[in-house]
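Spelled out from the first residue to the last, the chains are:
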2 protein chains.
Amino acid sequence: MSLFEGLSAFPITPADASGRVDSAALAALLHRIVDAGADSIGLLGSTGAYAFLTRDERRRAVETAIATAGGRVRVIVGVGALRTDEAQALARDAKEAGADGLLLAPVSYVPLTSDEVFEHFAAVAKSGSLPLCIYNNPSTTRFTFNSALIARLATVPNIVAIKMPLPANEDFKTELADLRGTTPSEFAIGYSGDWGASSALVAGADAWYSVVGGILPAEALALARAAQAGDAAEVERLEQAFLPFWTLFKQLGSFRVMYALAALLGVGDFEPPRPVRAIPASAVPDVERALEHLRGAFK
Amino acid sequence: MSLFEGLSAFPITPADASGRVDSAALAALLHRIVDAGADSIGLLGSTGAYAFLTRDERRRAVETAIATAGGRVRVIVGVGALRTDEAQALARDAKEAGADGLLLAPVSYVPLTSDEVFEHFAAVAKSGSLPLCIYNNPSTTRFTFNSALIARLATVPNIVAIKMPLPANEDFKTELADLRGTTPSEFAIGYSGDWGASSALVAGADAWYSVVGGILPAEALALARAAQAGDAAEVERLEQAFLPFWTLFKQLGSFRVMYALAALLGVGDFEPPRPVRAIPASAVPDVERALEHLRGAFK
């Protein structure tokens, strides 16, 4: 199986109020993912708060992940940064620490042009010397990749995959056909947006980059496997089981809900990096109920 | 005159490829602003690339500005950062270095809620102990302040002003009346978006937060003063003189054009922080022509 296929589980990165990563809590989260047999770990993704952590803390998180995964699950590391030289340094750090692949978002402050994004990706892909997945996440970066730019990036050495947001019309088949038509056959196309991911896999996407998989990997893996097998009835049953989570993710932001879930599952009482705040106390019972509802489907 | 009134000139922050600020070049830019008699310096704004610079380099830039301004022009410092604790530290740094006021944008990666933005601003305003201007810049931060949040923030100690983007319909009078109706009488309301700023001043806005004023302060000041005086003919004449710049700003991004202007004016050959790139060489003659056209109006 290629690196950018199947279920990639994106854990939060537990840290204290000053942004120091709690390696033990991170390892506890990663053990859940390794034990469940997810296809990869998506470390320091948006869910992993990479944008809020220093280079040193990001390196410590990668080292923890490599040690914890122990070669049993491959580790993909988010190396996005505002400055190209910083993203290059993060890519080299990840490579040195033993990461299997990289994930790069076009983080920006000044809105970027297509040429600027192309040069940024080419520079980081070269520095990292690891397979790299384009992190196409307009809701956090505000940059939207058009198909011409994706096709151009897919010709760059080391750039071998893309993580797409859900298409507005949920028409995965058309989008996948368009992307496959302009990228090499081995170029992997996956999706994030947990509530649309099983549809993406059923439509032939290569990967699900999963937020919920970072904290409930066994359950997410069951959904991924059902979708990959084209088992429509099981997909439908599990989608119903996950539905309260999808609603909460849309209401409160999946990033915030993940911290509440980590606390409920005994990983520890961590808060998101400020200015982001924990979900309101009044919403915690909703998360508990969503968890109970999901578990009911796995009895 | 209050700190957040009149023409605030926003220079670029000249730096090398690794992000080290060139204090001498910055001082040269600041001397132009001081000599022109601008009402304030808007240091480390979006134009000043604050998001791309480390805390140490930002502190050096502030120290350079305070020394160069020498009390003749007041210095407002951008202290935006992704993390609340980092923005608080930057605010303390600015205060210690002798800044007169602060500018704070709700920089975000995870889209923020209104409550999160409120708490972020309240924390930084408290740490900074300086008059603070809300930096409302949705094109770079993706956060849009609604009037309820502005009204709430205007009650926080030290938060005394807002820098608004141009209203979509250019209806400054209605927007100003709405904002004045929900904020204290001493709360200052200014605008950025150079091509709409004279209209804003004519309509009664308190300040123009000016990109072009960072490199052509005398010319920008002439336009500001004409608008403040309600001299419609002179405003019209100078708007015609600036028009080629407004066109270039919209086409290429004012951030990029400012670096080309700095080179043409002999401040030095600096590039924007990568991934942002200089304007194409083919566009440099357009900038030269825009400069000649503007200067023609000042003969």
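Nothing here was measured: the structure is a model prediction, and the numbers come from that model.

Calculation criteria
Residues numbered from 1 in each chain as written. Chains lettered and ligands numbered in written order. Predicted model: local features only at pLDDT ≥ 70, side-chain atom pairs only at ≥ 80, totals over all residues. Helix = DSSP H or I, 4+ residues; strand = E, 2+ residues; numbered from the N terminus. Rg over C-alpha atoms; globule rule 2.2 N^0.38 Å. Buried ≥ 20, exposed ≤ 12 C-beta atoms within 10 Å, placed from the backbone. Contact = placed C-beta atoms within 7 Å. Pairing = 2+ DSSP bridges. Axes fitted to C-alpha atoms, helices over the stretch in contact; angles between N-to-C directions. Nonpolar A, V, L, I, M, F, W, Y, C, P; charged D, E, K, R; others polar. UniProt positions renumbered as here; feature names shortened; annotations may be inferred. Core = buried A, V, L, I, M, F, W, Y, C linked by C-beta atoms within 7 Å. Least-squares fit on C-alpha atoms with pLDDT ≥ 70 in both. Left-handed = near helix turned anticlockwise from the far one by under 90°. Right-handed = clockwise from strand over helix to strand, strands pointing away.

### So, the overall build of chain A
Here comes step 1: Regarding its fold elements, chain A presents 12 helices and eight strands.
Here comes step 2: In summary, chain A has a C-alpha radius of gyration of 18 Å against a globular reference of 19 Å for 299 residues, a match within 12%.
Here comes step 3: With the C-alpha coordinates aligned to their principal axes, the bounding extent of chain A is approximately 50 × 45 × 35 Å.
Here comes step 4: When each of the 299 residues of chain A is scored for burial, the buried share is 53%.
Here comes step 5: Contacts in chain A between residues at least 24 apart in sequence constitute 77% of all its contacts with a sequence separation of at least 6.

### Observations concerning the sheet that holds strand β4 (residues 101-104) of chain A
Strand pairing in a sheet is mediated by backbone hydrogen bonds. Such pairs are either parallel or antiparallel.
All names here are of chain A.
Here comes step 1: One closed barrel accounts for eight strands, arranged β1-β2-β3-β4-β5-β6-β7-β8; its pairing is parallel. Neighbour-to-neighbour, the strand axes of the sheet open up by a mean angle of 25°, direction not taken into account.
Here comes step 2: Note that β4 and strand β5 (residues 132-135) share three bridges and pair parallel. Each residue of the ladder has a partner; that of Leu104, found in β5, is Ile134.

### Quick notes on the interface of chain A and chain B
Here comes step 1: Every contact between the two is made by 27 residues of chain A and, on the other side, 27 residues of chain B.
Here comes step 2: Those elements that provide at least two residues to the side of chain A that touches chain B are α3 (84-97), α4 (114-128) and α5 (138-141) of chain A.
Here comes step 3: No other element matches the five residues that α4 of chain A contributes to the side of chain A that touches chain B.
Here comes step 4: A breakdown of the residues in the side of chain A that touches chain B according to their chemical character gives 12 nonpolar, seven polar and eight charged.

### Observations concerning unusual backbone geometry
Here comes step 1: With omega at 20°, the peptide bond leading from Arg274 of chain A into Pro275 of chain A counts as cis.
Here comes step 2: Locating Pro275 of chain A in the fold gives a position in the loop between α11 (254-264) and α12 (284-296).
Here comes step 3: Even without being glycine, Asn158 of chain A reaches a positive phi, approximately 80°.
Here comes step 4: Tracing the backbone through its elements, the reader meets Asn158 of chain A in the loop between α6 (147-153) and β6 (159-164).
Here comes step 5: You can call Asn158 of chain A partly exposed: it has 18 C-beta atoms within 10 Å.
Here comes step 6: Even without glycine at this site, Arg142 of chain B takes up a positive phi of about 70°.
Here comes step 7: Residue position: Arg142 of chain B is located in the loop between α5 (138-141) and α6 (147-153).

### Describing the UniProt feature "active site" (unreviewed entry) in chain A
Residue and element names in this part refer to chain A.
Here comes step 1: UniProt feature "active site" (unreviewed entry): in the numbering of this structure it lies at Tyr135 and Lys163. In sequence the annotated residues extend across 29 residues, while in space they remain close, none of their C-alpha pairs exceeding 5.2 Å.
Here comes step 2: Following the sequence through the fold, Tyr135 ends up in strand β5.
Here comes step 3: By C-beta crowding, Tyr135 is classed as buried, having 29 other C-beta atoms within 10 Å.
Here comes step 4: Once residues lying within four places of it in the same chain are set aside, the contact partners of Tyr135 are Gly78, Gly80, Leu103, Leu104, Ala105 and Lys163.
Here comes step 5: Here Lys163 shows up in strand β6.
Here comes step 6: Accessibility expressed as a C-beta count within 10 Å gives 26 for Lys163, which makes it buried.
Here comes step 7: If we skip the residues at most four places from it in the chain, Lys163 touches Leu103, Cys133, Ile134, Tyr135, Asn136, Gly190, Ser192 and Tyr209.

### Some details on the UniProt feature "binding site: pyruvate" (unreviewed entry) in chain A
Residue and element names in this part refer to chain A.
Here comes step 1: Per the UniProt record, "binding site: pyruvate" (unreviewed entry) is annotated on Thr47.
Here comes step 2: Take Thr47: it is sitting in the loop between β2 (40-43) and α2 (55-69).
Here comes step 3: Among residues more than four places away in sequence, those in contact with Thr47 are Phe10, Pro11, Ile12, Val211, Gly214, Ser254, Phe255 and Met258.

### A few points about the sheet that holds strand β3 (residues 74-78) of chain B
Residue and element names in this part refer to chain B.
Here comes step 1: Spatially, the eight strands close up into a barrel ordered β1-β2-β3-β4-β5-β6-β7-β8, and their pairing is parallel. Direction aside, the axes of adjacent strands within the sheet are offset by 25° on average.
Here comes step 2: In terms of strand pairing, strand β1 (residues 6-9) meets strand β8 (residues 207-210) through four bridges, oriented parallel. Within the sheet, the bridge partner assigned to Gly6 lies in β8 and is Ala207.

### Section: the nonpolar core
Here comes step 1: Within the largest apolar cluster, 210 residues are counted, with the highest numbers of intra-cluster contacts made by Leu102 of chain A together with Leu102 of chain B.
Here comes step 2: Setting aside anything within four residues of it in sequence, one finds Leu102 of chain B in contact with Ile76, Val77, Val79, Ala91, Ala94, Gly128, Leu130, Leu132 and Cys133 of chain B.

### Quick notes on the relation of the copies chain A and chain B
Here comes step 1: Superposition record for chain A on chain B: RMSD 0.0 Å, screw rotation 180°, translation along axis 0.0 Å. Between the two chains, the operation in question is that of a two-fold axis. Of every C-alpha in chain A, the one belonging to Arg142 of chain A sits nearest the axis of rotation, 3.9 Å from it.
Here comes step 2: Both copies present the same face, since 100% of the interface residues in chain A are matched by interface residues at the equivalent positions in chain B.

### A closer look at helix α8 (residues 194-202) of chain A
Residues and elements named next belong to chain A.
Here comes step 1: Those residues of α8 that sit buried are Asp194, Ala197, Ser198, Ser199, Ala200 and Leu201.
Here comes step 2: Contact partners of the buried residues in α8: α7 (172-182), β7 (188-191), β8 (207-210), α9 (217-228), α10 (232-252) and α11.
Here comes step 3: One or two residues past the end of α8 sits Gly204, with phi positive at roughly 110°.

### Focus: the packing of helix α1 (residues 23-36) of chain B against helix α9 (residues 217-228) of chain B
All names here are of chain B.
Here comes step 1: At a minimum axis separation of 8 Å, α1 and α9 run at an interaxial angle of 35°. Crossing of α1 against α9: the hand is right-handed. The segment α1 lies against α9, with Arg32, Ile33 and Ala36 engaging Pro217, Ala218 and Leu221.
Here comes step 2: Class assignment of the residues belonging to the contact of α1 with α9 gives a composition of five nonpolar, no polar and one charged.

### Some thoughts on the environment of Pro111 of chain B
Here comes step 1: Relative to the elements of secondary structure, Pro111 of chain B occurs in the loop between β4 (101-104) and α4 (114-128).
Here comes step 2: Separated by 32 residues in the primary sequence, Pro111 of chain B and Phe143 of chain B place their C-alpha atoms 7.3 Å from one another.

### Notes on the pairing of strand β5 (residues 132-135) of chain B
Residue and element names in this part refer to chain B.
Here comes step 1: Of the two faces of β5, the one holding Leu132 and Ile134 and the one holding Cys133 and Tyr135 are both buried throughout.
Here comes step 2: Each parallel crossover has a hand, and for β4 linked through α4 to β5 it is right-handed.
Here comes step 3: Where β5 and strand β6 (residues 159-164) come together, four bridges link them in parallel fashion. Of the residues in β6, the one forming a bridge with Tyr135 is Lys163.

### Details of the pairing of β2 of chain A
For a regular strand, side chains alternate in direction, first toward one face of the sheet and then toward the other.
Residue and element names in this part refer to chain A.
Here comes step 1: Where burial is concerned, the two faces of β2 agree: the one with Ser40 and Gly42 and the one with Ile41 and Leu43 are both buried.
Here comes step 2: The pairing of strand β1 (residues 6-9) with β2 spans two bridges and is classified as parallel. Across the sheet, Ser8 pairs through a bridge with Ser40, a residue of β2.
Here comes step 3: This β-α-β element, β1 to helix α1 (residues 23-36) to β2, shows right-handed connectivity.
Here comes step 4: The pairing of β2 with strand β3 (residues 74-78) spans four bridges and is classified as parallel.

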